[in-house]
Amino acid sequence: MKYLSEYRDGRIARGLADSIKQVATRRWVLMEVCGGQTHTIVKQGIDELLAGAVEMIHGPGCPVCVTPLEQIDRGLAIASRPEVIFTSFGDMLRVPGSEMDLFQVRSRGGDVRVVYSPLDALELARRNPDKEVVFFAVGFETTAPANAMAVWRARELGIENFSVLVSHVTVPPAMVALLESPDNRVQGFLAAGHVCTVMGWTEYEPLARKYEVPIVVTGFEPVDILEGILMAVKQLEEGRHEVENQYVRSVKRDGNRPAQEVVSKVFDVVDRQWRGLGNIPSSGLGLREEFAAYDAEQKFGVHTITAEESEECHAGEVLRGILKPNQCPAFGTKCIPENPLGAPMVSSEGACAAYYNYGRFRTPSESGA
Amino acid sequence: MGDSSIADGVNCPVPFSRYDRVQLGHGSGGKMSAALLKERFLPHFSNPALAKLTDAAIVEVAAGRLAVSTDTFVVRPLEFPGGNIGSLAVHGTLNDIAMMGARPRYLSAGFVLEEGLEFEVLDRIIAAMARAAEEAGVPIVAGDTKVVERGKADGVFINTTGIGELDRGFAPAPDLARAGDAVIVSGPIGRHGIAVMAVREGLEFEVEIESDAATLSPLVELLREQVGDAVHVLRDPTRGGVASALNEIAESAGVGVELVEDALPIPGPVRAVCEILGFDPLYVANEGILIAMVEGGSEQNAVAALRAHPLGEEATVVGRVVEAHPGLVAMRTGIGGTRVVDMLPGEQLPRIC
């Protein structure tokens, strides 16, 4: 497939892995921010190819995983209402709330539907004027423009039976929180290519300078990731800390201006709770006052719902890179994809699920079995 | 005028029904039920055993062991590129029989019809079913229909049961996989699941992907003739795809399986749709390919035997059965890493980004 098979070429990938091992004079610790990259790394065994030269810590960039429990409970409460058609991207359906997940809500009569775009949800609202259609707007800067556009269009078209349950987060504040935490081990970042396609990389430049960490904007295929790692390792070896762009076929320094504009027209920067990381100041997006009519939290009065995370779930330490998923005491025993304690075991992009689904048998062989 | 046209003999063998959709009355057991049977089903399914319309069909079988399998089909949409629920209900059950090394002989079919189902659709389903059964040379000897109220079913549900005759000496089974066996797939992976998904989700692509639904008995016959006892396991990787089928075999035989990613025959369009939706083709359903595990050394013969039939043209070795990591399926990735190919906890879900 054009633009895909080239970036999965085994020969090129192994060549890059060899270069990384040659360039690295010591073992470097890098974090890939995005869950899609985590998925590729574990699925393709990239961490295995680089063992000894680079340790990859899997960052907080899975939107499903960082959506706080109470926000999921709010979604479940809304989805259970008889007048509601609750719409979501597919991988939110199995994320456990305090008591159940969206699949269970559906089995009890809730109208829960998977959509591929928030604009499909808006269309559902137009076609079902006697129903309240709610879209679960989660994600990073990548999904924010389309979600903003849906709200914008709803107002333009005068569609009043549409609202969004917003749990948007942004990457740079999370990187700052990680870098400022006393137990930080991360020496360089692979920034998420798709987030930067929208936002560009100017906001990462002050971070690289202030915290003296290389940041490489990186794509999602094995060759992309290995090339991104090589660029970061070269910077570390040479004592540089700059923002570089590996994902040149998609990302420009200024990003996608029209997308940024629609996001800032509809959303404001707000403080946000991250599952496993706690409250991070100015790390999220919320609807601006003028779009309050489209805020599902207010419309259905669910903002009072709160929830406590399971104490047995170490998602926070996994997301901060302190624990590898399979070092968590609950991994593979109490916590499995069929019965997850926390979100990183649910989403296909979550680090725990990736370890469980693709890596379970590597662990004993690594320990010499 | 009416009289004379009847006298002229309009060539309609059955009375013209005034209904264009299934009515609750068609499940009453009365005249409407009888008419449904005569007008819709019997013209397609005629065979001596069924034609008697007795309480049970009487059939002849060879002395020895029989393979029996039943399956219920609830696919949405009812019709998709490459088939419909009717042809699927025939192929699915016949293939389960064939995977035991048995020759399918008879089928039964039970229908749960939803009130309001258009006869036009039902007719196409029945016709496809009859065609699939005829191509496989297996008569549908017993049947049943029920009608439920609108909203209580999804158009039509079909259950089929198949009976097949087993040969002495040729009885592949999942727990017979042995270390050293070659793992062969008989054709391209993922077509059925993606064809159905594309229609269900209203996804349009430049290339239409057709379901691979087909009866696999001819491939099994070829393997029996050319490779015989060296065939240890046969399996049709339907729901859950190739990955789930291999996991079940690894589990039941207590062996490991090692796949080679680059060897998997995945058609470009299937790969593309999976990329868009975030699916893994290894977990997508197939209805017209089989997995064979054959004794090491016999794989070239087995592949050649399969390739002699149009359904097996793309047959290829995709991996090995190994002693290591019993119960687990591992895969050598395209870039030279390894990963586990586990069972899925539930259905595959499209990703956020």
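Treat the numbers as computed from the prediction; the structure is a model and nothing was measured. (Residues numbered from 1 in each chain as written. Chains lettered and ligands numbered in written order. Predicted model: local features only at pLDDT ≥ 70, side-chain atom pairs only at ≥ 80, totals over all residues.)

Q: Describe in detail the overall build of chain A, supporting the description with residues and values.
A: Across its full length, chain A holds 17 helices and 11 strands. The C-alpha radius of gyration of chain A comes to 21 Å, within 12% of the 21 Å expected for a compact globule of 369 residues. Seen through its principal axes, chain A has C-alpha atoms that stretch 65 × 45 × 45 Å. Sequence-distant contacts in chain A: of pairs separated by 6 or more residues, those separated by 24 or more amount to 77%. (Helix = DSSP H or I, 4+ residues; strand = E, 2+ residues; numbered from the N terminus. Rg over C-alpha atoms; globule rule 2.2 N^0.38 Å. Contact = placed C-beta atoms within 7 Å.)

Q: Describe in detail the overall build of chain B, supporting the description with residues and values.
A: Regarding its fold elements, chain B presents 10 helices and 13 strands. Its C-alpha atoms give chain B a radius of gyration of 22 Å, within 12% of the compact-globule value 20 Å for 353 residues. The C-alpha extent of chain B, read off along each of the three principal axes, is 80 × 55 × 35 Å. Across the 353 residues that make up chain B, the buried fraction comes to 47%. A separation of at least 24 residues holds for 86% of the contacts in chain B among residues at least 6 apart in sequence. (Buried ≥ 20, exposed ≤ 12 C-beta atoms within 10 Å, placed from the backbone.)

Q: Could you give an account of the domain arrangement of chain B, naming the residues involved and the relevant values?
A: All names here are of chain B. Taken domain by domain, chain B consists of domain 1 (20–53 + 64–165) and domain 2 (174–340). A C-alpha centroid distance of 28 Å is found between domain 1 and domain 2. Secondary-structure elements contributing two or more residues to the side of domain 1 that touches domain 2 are helix 4 (85–98) and helix 5 (119–136). No other element matches helix 4, which puts 8 residues into the side of domain 1 that touches domain 2. Residues belonging to the side of domain 1 that touches domain 2 are distributed by class as follows: 11 nonpolar, 7 polar and 3 charged. (Domains from an automatic or database assignment. Nonpolar A, V, L, I, M, F, W, Y, C, P; charged D, E, K, R; others polar.)

Q: Give me unusual backbone geometry: which residues, what numbers.
A: With an omega of 0 degrees, the peptide bond between R76 of chain B and P77 of chain B qualifies as cis. In this structure, S282 of chain A takes a positive phi of about 50 degrees despite not being glycine. Here S282 of chain A lies in strand 11 (residues 278–287). The residue H325 of chain B is not glycine, and still its phi comes out positive at about 35 degrees.

Q: Explain the nonpolar core residue by residue, including any values.
A: Among the nonpolar cores identified, the biggest contains 220 residues, and F189, A191 and I229 of chain A together with V156, L223, A292 and V329 of chain B are the most heavily contacted of them. It is helix 5 of chain B that contributes the most residues to this core, 9 residues altogether. Those residues in contact with L223 of chain B, other than ones at most four positions away along the chain, are V231, A292, A302, A305 and L306 of chain B. (Core = buried A, V, L, I, M, F, W, Y, C linked by C-beta atoms within 7 Å.)

Q: I'd like a rundown of the environment of G296 of chain B, residues and numbers included.
A: Residue and element names in this part refer to chain B. For G296, the position within the fold is in the loop between strand 10 (291–294) and helix 10 (299–307). The class of G296 is partly exposed, set by 13 C-beta atoms lying within 10 Å. Spatially, the C-alpha atoms of G296 and D55 are 49 Å apart, while their sequence positions differ by 241 residues.

Q: Break down the sheet that holds strand 6 (residues 156–165) of chain B for me, with residues and values.
A: Residue and element names in this part refer to chain B. One open sheet accounts for 4 strands, arranged 1-6-4-5; its pairing is mixed. Of all the strands in the sheet, just strand 1 (66–73) and strand 5 (140–148) have a single pairing partner and so form its edges. Taking the axes of each pair of neighbouring strands and ignoring which way they run, one obtains an average angle of 15 degrees across the sheet. Sheet topology note: the strand 4 (residues 103–114)/strand 5 ladder contains 8 bridges and is parallel. Within strand 5, the residue paired with L107 across the bridge is I140. (Pairing = 2+ DSSP bridges. Axes fitted to C-alpha atoms, helices over the stretch in contact; angles between N-to-C directions.)

Q: Quick rundown of the environment of R271 of chain B? Include the residues and the values.
A: By secondary structure assignment, the location of R271 of chain B is in helix 9 (residues 268–277). Taking the C-alpha atoms as reference, R271 of chain B lies 8.6 Å from G190 of chain B; in sequence the two are 81 residues apart.

Q: Give me the interface of chain A and chain B: which residues, what numbers.
A: With 37 residues of chain A in contact, the opposing surface of chain B contributes 24 residues. When contributions to the side of chain A that touches chain B are tallied by element, the ones reaching two or more residues are helix 1 (10–23), helix 2 (35–44), helix 3 (46–49), helix 4 (63–66), strand 5 (132–139) and helix 16 (351–359) of chain A. Split into classes, the residues belonging to the side of chain A that touches chain B amount to 16 nonpolar, 11 polar and 10 charged.

Q: Requested: an account of the domain arrangement of chain A, with residues and values cited.
A: All names here are of chain A. Looking at chain A, the domain boundaries give domain 1 (1–312) and domain 2 (315–366). Taking the mean C-alpha position of each, domain 1 and domain 2 sit 19 Å from one another. Facing the 29 residues of domain 1 at the interface are 24 residues of domain 2. Within the residue set of the side of domain 1 that touches domain 2, elements represented by two or more residues are helix 2, strand 2 (54–61) and helix 4. Examining the composition of the side of domain 1 that touches domain 2, we find that 6 residues originate from one element, helix 2, more than from any other. By residue class, the composition of the side of domain 1 that touches domain 2 is 12 nonpolar, 9 polar and 8 charged.

Q: Mind laying out the sheet that holds strand 10 (residues 267–274) of chain A, listing which residues take part and the relevant values?
A: All names here are of chain A. Spatial ordering of the open sheet is given by 4-3-5-6-11-10, a layout of 6 strands whose pairing is mixed. Of all strands in the sheet, those with a lone pairing partner are strand 4 (111–114) and strand 10, marking the two edges. Pairwise comparison of adjacent strand axes, ignoring direction, gives a mean angle of 25 degrees for this sheet. Helix 7 (residues 118–127) rests against strand 3 (84–88), strand 5 and strand 6 (162–169) of the sheet, and its axis sits at about 170 degrees to strand 5. Docked against the sheet, helix 9 (residues 171–180) engages strand 10 and strand 11, running at close to 175 degrees with respect to strand 11.

Q: I'd love a proper account of helix 8 (residues 241–253) of chain B, names of residues and values included.
A: All names here are of chain B. Relative to the 18 Å expected for 13 residues at 1.5 Å per residue, helix 8 spans 19 Å between its end C-alpha atoms, a close match to the ideal helical length. With 10 of its 13 residues buried, helix 8 lies for the most part within the structure. Taken together, the buried positions of helix 8 are occupied by G241, V242, A243, S244, A245, L246, N247, I249, A250 and A253. Looking at the packing, one finds that the buried side of helix 8 touches strand 7 (182–185), strand 8 (231–235), strand 9 (256–260), strand 10 and strand 12 (329–332). Immediately downstream of helix 8, the backbone of G254 shows phi near 65 degrees, a positive value. (Expected span 1.5 Å × (residues − 1).)

Q: Please give an account of helix 7 (residues 217–226) of chain B that cites residues and values.
A: All names here are of chain B. Three or more residues of helix 7 are buried, namely S217, L219, V220, L222 and L223. Each element contacted by the buried residues of helix 7 is listed here: helix 4, strand 4, helix 5, strand 8, strand 10 and helix 10. Looking one or two places after helix 7, you find G228, whose phi comes out positive at around 55 degrees.

Q: With reference to specific residues and values, describe the confidence of the model for chain B.
A: Residues and elements named next belong to chain B. Scored by pLDDT, chain B comes out at a mean of 90, with 94% of its residues at no less than 70. Confidence drops under a pLDDT of 50 for residues 1–14, and excluding neighbours within four residues, the segment shows 3 contacts in the predicted structure. The complex prediction reports pTM at 0.83, with the ipTM value standing at 0.75. (pLDDT = per-residue confidence, 0-100.)

Q: Any details on the confidence of the model for chain A? Residues and values, ideally.
A: Averaged over all residues, the pLDDT of chain A equals 91, while 96% of them reach at least 70. Contacts of residues 363–369 of chain A to residues separated by more than four positions or lying in other chains number 2 contacts, the stretch itself having pLDDT below 50.

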